Amino acid sequence: MKSSRLYIIGIVVMIIVCFVLGQRMPRNFTWRATFHPNDRQPLGCYVFDSVMAQTMPRGYEAKRKTLSQIAADTADRHKNILIATEHISFNEMDIRALRKLLKGGCHVMMAYCDTQDGCYSDSILAYDYGLYAYNFTYLNIRYLKMRLRNKEENAYATVSWDADSLYRQGDYRMYTDMMSGTVITDDSRKDKVSYDVLAQRTIRTNLRYDNSPFFPATLDTIKKRLLEENKDMKVVTAVDCLYEFNFTEKDSADVCLNLAVTRKVGKGRLTIVTMPYLFTNYGVLAKESSPLTMRLMTQISDRHVIRTTSYSPDYDGYDAKMSPMRYVLSRKPLREAWYLTAFTLLLFFIFKARRRQRVIPVMTQPKNHSLEFAQLIGTLYYQRADNADLVRKKTRFFAERIRSTMAVDILENVLSDDTVSTVARRTGMKEKEVEDILKRLRMDYCTEGNIDDKEMKWAIDTINDLTERI
């Protein structure tokens, strides 16, 4: 008995020692850009969101909402929006929501490196707003360490902030990999549109980044040439135009690259930034980049700011990856301590099970009472004759289904035309017919009295029919 106690005490002491040694060892950071609000690694946003929540004068919050959901929310549609990610991808609903938000007076700031939707987002932003983000590279910590170790001159670059009404001109020396590319503006619109350059840097190159394959004039020229050269080609896509476009080569000279550009769109503003890593924990903590991050955030500080995380990578799988068990298994000392503890417990269970065996009683298989439960609920509704409550619950479940699949709310205060058109397109029905059905369902949902059997049967059959069409 005494020896077993000493054995257990020794195992506990060994676990504690392994844990302490593991905590005292230097930690390796994960330089993976997640932009997750709970990620405390350098390229997460835990610290960034905390600092912005305390410094933004009108308020700040991080939400998992798409642009279409923000535009449909009456409480959020008049707030400024920040999108920070490596790869951005918009669908048609997002593009329409972006136009609506800008027209309504929102300031939308998008900080990204590149798109991942086959040039769709690039082409729309360039064609509609005259702003094209051309990507050079991404942050590669191994490559950056190698350049710093070799003391290469291009490991650093100086970012210049042009003087404006709030700040005077300033220069910031940062890692070159923190700047993914440049923002190209459409020179053909400068007589009608004012492009304000917030930040830029100078490099020496023989290329001239003064045009984009998606600007209207360039796009029409490329489409016309491709259709003339290929008689069999009927449709020219954005990818075809991108492959056929080349930047002009000239003599090597100093070229100014725009890193942050803003312009007025409707009542709002659109700002494109090619330095998304500034909006991370590292960007707000590093003394070289923190002032520049705050200057950029000041541009959207006149309203409450929403940082949407719907366009950030691996958002759904991050919580599982950073669970306590995965964290323990990712650290070698903790992993060895865990395996040793598990092996010790296994031995303990084996010996205890051999000495204290008991007869396992025969258990009957549990009976399935789902059918009886459904009959009981149906009987209760039939006896109470509460058709209104039954229709109300059925309508609420149907509205939640519509909201999760189409991002629209059929039970909102006022039934909008966008909601009717969205449901009509999805179900293949006429808008007038859908509008009449939704209004009748809303009337049944809001009624305070009871509903007769005929109206209840119509409502349930109609909801079932719409659900099958979706």
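Sequence order as written defines residue numbering, which begins from 1 separately in each chain. With the structure being a predicted model, the display of local features is reserved for residues of pLDDT at least 70 and the display and counting of side-chain atom pairs for 80 or more, all residues being used for whole-chain, interface and lining totals. Heavy atoms from the whole structure form the basis of all side-chain values; hydrogens and water molecules are not counted.

> Before we go on, may I ask you to explain the overall build of the protein in this structure?
Helix and strand assignments come from DSSP, with helices taken as H or I runs of at least 4 residues and strands as E runs of at least 2, each series counted from the N terminus. In terms of helices and strands, the protein carries 18 helices and 13 strands. In the protein, buried positions account for 41% of the 470 residues. Working rule for contacts: check all heavy atoms of both residues, and any pair within 4.5 Å makes them a contact. Considering only contacts in the protein between residues 6 or more positions apart, those separated by 24 or more positions represent 72%. Computed by Shrake-Rupley with a 1.4 Å probe, the accessible areas treat only the displayed protein chains as cover when residues are assessed. Accessible area of the protein: about 27900 Å², with a carbon and sulfur share of 54%. Each residue's exposure class comes from its accessible area (1.4 Å probe, protein chains only) as a fraction of the maximum for that residue type: buried when under 20%, exposed when over 50%, partly exposed otherwise.

> I'm lost on the environment of Pro-276 in this one. Help?
By the element assignment, Pro-276 lies in the loop between β12 (268-273) and α9 (281-285). We classify Pro-276 as buried; its relative accessible area is 0%. Residues Pro-276 and His-87, spaced 189 residues apart in sequence, show a C-alpha to C-alpha distance of 9.8 Å. Residue contacts for Pro-276: discarding those within four places in its chain leaves Phe-35, Thr-85, Ala-111, Tyr-112, Cys-113 and Ser-180.

> Help me understand the packing of helix α15 (residues 387-406) against helix α16 (residues 417-427) in this model?
The axes of two packed helices give the description: the angle between them and the distance between them. For helices, the axis comes from a line fit to the C-alpha atoms of the stretch in contact; other axes are also lines fit to C-alpha atoms, and the angle between any two N-to-C directions lies between 0 and 180 degrees. Where α15 contacts α16, the two axes come as close as 12 Å, and the packing angle between them is 85°. If you check the angle between α15 and α16, you find them roughly perpendicular. Between α15 and α16, the contacting residues are Ile-402, Thr-405 and Met-406 on the first element and Thr-422, Val-423 and Arg-426 on the second. Residues are sorted three ways: Asp, Glu, Lys and Arg are charged, Ala, Val, Leu, Ile, Met, Phe, Trp, Tyr, Cys and Pro are nonpolar, and all the rest, Gly among them, are polar. Tallied by class, residues from the contact of α15 with α16 come to three nonpolar, two polar and one charged. Working rule for angles: under 35 degrees goes down as roughly parallel, over 145 as roughly antiparallel, 65 to 115 as roughly perpendicular, anything else as oblique.

> Would you mind going over the pattern of salt bridges with me for this structure?
Pairs may arise between side chains of opposite charge once their charged atoms sit close together. Here a salt bridge means any side-chain nitrogen of Lys or Arg lying within 4 Å of a carboxyl oxygen belonging to Asp or Glu. Evaluated as defined, the whole model comprises 20 salt bridges. A salt bridge links Asp-73 to Lys-65; the nearest nitrogen and oxygen atoms lie 2.6 Å apart. Here Lys-65 falls in the buried class, since its relative accessible area comes to 19%. Where Asp-76 meets Lys-79, a salt bridge forms, and the shortest distance between an N and an O atom there is 3.1 Å. Assessed through its relative accessible area of 2%, Asp-76 is described here as buried.

> Looking at this structure, I do not really get the pairing of strand β11 (residues 248-265). What am I missing?
On a regular strand, one side chain projects to one face of the sheet and the next to the other, so that they alternate. Relative to β12, β11 runs antiparallel, the two being bridged by six bridges. Across the sheet, residue Val-261 finds its bridge partner in β12, namely Ile-272. Two strands are said to pair when DSSP picks up at least two bridges between them. Connecting β11 to the next strand, β12, in antiparallel fashion are two residues, including Gly-266 with a positive phi near 60°.

> So what exactly am I meant to see when it comes to a nonpolar patch on the surface here?
Patches in this entry comprise residues that are over 30% relatively accessible and not in a salt bridge; like charges within 9 Å are linked, as are nonpolar side chains (Val, Leu, Ile, Met, Phe, Trp, Tyr) within 5 Å. There is a patch of nonpolar side chains on the surface, built from Ile-8, Val-12, Ile-16, Phe-19 and Val-20 and spanning about 440 Å² of accessible area. Note that Ile-16 resides in helix α1 (residues 2-24).

> Would you explain the packing of aromatic side chains in this entry?
How two aromatic rings sit relative to each other is set out by the distance from centre to centre and by the angle between their planes. The rule is short: rings of Phe, Tyr and Trp, with Trp giving its six-membered ring, pair when the centres are within 6.5 Å, and they are stacked under 30 degrees, edge-to-face over 60, tilted in between. What the rule picks out here adds up to six aromatic pairs. Centre to centre, the rings of Phe-48 and Phe-279 are 6.0 Å apart; their planes meet at 85°, and the pair counts as edge-to-face. Residue Phe-48 is found in helix α2 (residues 46-55), and its partner Phe-279 is found in the loop between β12 and α9; the two are separated by 231 residues along the sequence. Among the aromatic residues, those joined into a ring-pair cluster are Phe-48, Tyr-60 and Phe-279. Across the ring face of Tyr-46, the terminal group of Arg-40 is positioned such that the distance to the ring centre comes to 4.1 Å. By definition here, charges over rings are those cases where NZ of Lys or CZ of Arg is within 6 Å of the ring centre and within 35 degrees of the ring normal. Here the basic side chain of Arg-440 rests over the ring of Trp-458, its NZ or CZ set 3.7 Å away from the ring centre.

> What's the story with the packing of helix α4 (residues 92-103) against helix α5 (residues 120-129) in this structure? I'm lost.
The N-to-C vectors of α4 and α5 enclose an angle of 30°; their axes lie 11 Å apart at closest approach. Here α4 is positioned roughly parallel relative to α5, judged by the angle of their axes. Here α4 and α5 pass one another in a crossing that is right-handed. Facing Glu-92, Ile-95, Leu-98, Arg-99 and Leu-102 of α4, the residues of α5 in contact are Tyr-120, Ile-124, Leu-125, Asp-128 and Tyr-129. Should the near helix be turned counterclockwise from the far one by less than a right angle, the crossing is left-handed, whereas a clockwise turn marks it as right-handed.

> I'm lost on the side chain of Thr-419 in this one. Help?
Looking at the element boundaries, Thr-419 is found in helix α16. You can call Thr-419 buried: its relative accessible area is 4%. When residues no more than four places from it in sequence are discounted, the contact partners of Thr-419 are Val-408, Asp-409, Ile-410 and Glu-412.

> Would you mind showing me how to read the confidence of the model for the protein here?
Any residue range with low pLDDT should be treated as having predicted coordinates unsuitable for detailed reading. The share of residues in the protein with pLDDT of 70 or more is 86%, and the mean pLDDT across the chain is 82. Mean pLDDT across the secondary structure elements of the protein bottoms out at helix α11 (residues 315-321), with 51, and peaks at strand β13 (residues 305-308), with 96. pLDDT measures the predictor's confidence residue by residue and takes values from 0 up to 100.

> Help me understand the environment of Gly-428, please; the structure alone is not making it clear to me.
Mapped onto the fold, Gly-428 is located in the loop between α16 and α17 (431-446). The spacing of Gly-428 and Leu-466 is 38 residues in sequence and 9.9 Å in space, taken between C-alpha atoms.

> Got a minute to help me understand the nonpolar core in this structure?
Note that soluble globular proteins tend to have their nonpolar side chains buried in a common cluster. In plain words, nonpolar cores are sets of buried Ala, Val, Leu, Ile, Met, Phe, Trp, Tyr and Cys residues tied together by side-chain atoms within 4.5 Å. Phe-48, Met-275, Phe-279, Leu-296 and Met-297 are the most contacted members of the largest nonpolar core, which totals 37 residues. Among the secondary structure elements, those contributing two or more residues to this core are α2, β2 (80-84), β4 (107-111), β7 (156-161), β8 (170-175), β10 (195-208), β11 and α10 (290-298). For Phe-279, the contacting residues outside a window of four places in its chain are Phe-35, Cys-45, Phe-48, Leu-82, Ala-84, Met-109, Ala-111, Val-273, Leu-296 and Met-297. In terms of nonpolar packing, the next biggest core, distinct from the first, is built from 30 residues, Leu-125, Val-261, Ile-272 and Tyr-311 among them.

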